[in-house]
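Take a look at the letters that make up each chain.
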2 protein chains.
Amino acid sequence: MRILGIDPGLTTTGYGVVERRGGALAVVGFGALRTSTQAPVATRLADLSAGVAKVLGEFCPDAVAAERVFFNSNVRTAMAVGQASGVALARAAEAGLEVFHYTPTEVKQSVVGFGAATKKQVGAMVASLLALSSAPTPADAADACALAICHINRSGLRRAIEGALA
Amino acid sequence: MRILGIDPGLTTTGYGVVERRGGALAVVGFGALRTSTQAPVATRLADLSAGVAKVLGEFCPDAVAAERVFFNSNVRTAMAVGQASGVALARAAEAGLEVFHYTPTEVKQSVVGFGAATKKQVGAMVASLLALSSAPTPADAADACALAICHINRSGLRRAIEGALA
């Protein structure tokens, strides 16, 4: 099971590809897609769309995990996040992949063990779970890895419950 | 000059294609792209993306006019509008088209003559300017036509000013 976690933003979109190998988690790749703040918004969204398609083609994930986005008070940022999220999700569906959504609290709960974990704690736990010497950078890539881990953990839990009930 | 106006939404995206023929405006086509509320969000966004690409291919506009989106209090709607907008703008840029953004007030000012015009007044004025017997439906298509008209009007004004200064 290979999962692409994605943390969309117009300027920086973090991604992280994680798979379960036997009982352990392993990172396949991570990074960030960036768009030029000098370019028109539509051009940046097209660039992001192409970048997401490239990541999907390179890593061939089985499914995608994305944040269930809620809006904060910053209207300008919120719009850009919504637009970037739309482009990324459309690309995933175009590739025939199912997208699973998790709230930030669900991700922290799953990765760190409690929903109020700090970004630093998430990064450290991601590094530990993926046997990396330090947290993936930029922070968006670490968040994306956390999303992928969250999905893998929850899928495992789901299977265990189904097995116990069978 | 043929302009595609687009009013993005996850459930209904209105579009209207308007061109200037001599001194008059003429409507080339209008309508709405709808996605199933039963489908997952990513699938709906991929469907919308395909629909926008089809409209671009069918009408071959010279440029795109879109609303400069601001968020209202409804967070759930805002997210969906942002995502739909992202997909539509990316498609326009992928087709090599420039996207021009106008606020709702700019559109009303340009089409009706005052920025506080009602939706009904905008619809009636769109019908009148495009020599239609009634306003385009759904309302999203009328709004999209208004965006296209706004861009054509403003481009004409821009050219006139440039000509006077030359």
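The coordinates are above.
Residues numbered from 1 in each chain as written. Chains lettered and ligands numbered in written order. Predicted model: local features only at pLDDT ≥ 70, side-chain atom pairs only at ≥ 80, totals over all residues. Heavy atoms only, no water.

Asks: Can you tell me about the sheet that holds strand β1 (residues 2–7) of chain B, naming the residues and giving the values?
Replies: All names here are of chain B. If you walk across this open sheet you meet the 5 strands as β3-β2-β1-β4-β5, and the pairing is mixed. Single-partner strands in this sheet number two, and they are β3 (24–34) and β5 (99–102). The mean angle between the axes of side-by-side strands here comes to 25°, regardless of whether they run parallel or antiparallel. With 6 bridges connecting them, β1 and strand β2 (residues 12–21) associate as antiparallel partners. Across the sheet, the residue bridging to R2 is E19, located in β2. Contacting β1, β2, β3 and β4 (63–67), helix α1 (residues 41–59) runs over the sheet at an angle of about 155° to β3. (Pairing = 2+ DSSP bridges. Helix = DSSP H or I, 4+ residues; strand = E, 2+ residues; numbered from the N terminus. Axes fitted to C-alpha atoms, helices over the stretch in contact; angles between N-to-C directions. Contact = heavy atoms within 4.5 Å.)

Asks: Describe the sheet that holds strand β5 (residues 99–102) of chain A, naming the residues involved and giving the relevant values.
Replies: All names here are of chain A. Pairing within the open sheet is mixed, and its 5 strands lie in the order β3-β2-β1-β4-β5. Each edge of the sheet is formed by a strand with only one pairing partner; in this case those strands are β3 (24–34) and β5. Neighbour to neighbour, the strand axes of the sheet diverge by 25° on average, direction disregarded. Sitting on the sheet, helix α1 (residues 41–59) is in contact with β1 (2–7), β2 (12–21), β3 and β4 (63–67), with an inclination near 155° to β3. The strands that helix α5 (residues 139–165) touches are β1, β2, β3, β4 and β5; relative to β2, the one it contacts most, it runs at about 35°.

Asks: Give me the pairing of β1(B): which residues, what numbers.
Replies: Most of β1(B) is tucked away: 5 of the 6 residues are buried. Hairpin connection of β1(B) to β2(B): 4 residues between the antiparallel strands. (Buried < 20%, exposed > 50% of the residue type's maximum accessible area, 1.4 Å probe, protein only.)

Asks: I'd like a rundown of helix α4 (residues 119–129) of chain A, residues and numbers included.
Replies: Residues and elements named next belong to chain A. Among all positions in α4, only V122, G123, V126 and A127 are buried. Down the axis, α4 shows its buried residues gathered within 135° of arc, on one side only. In α4, the exposed residues that point more than 90 degrees away from the buried face are K120 and S128. The inward-facing, buried residues of α4 abut α3 (104–111) and α5. Just downstream of α4, A131 is the residue with a positive phi angle, here 55°. (Arc of directions from axis to C-beta.)

Scope: geometric values only; no functional claims are made or implied.
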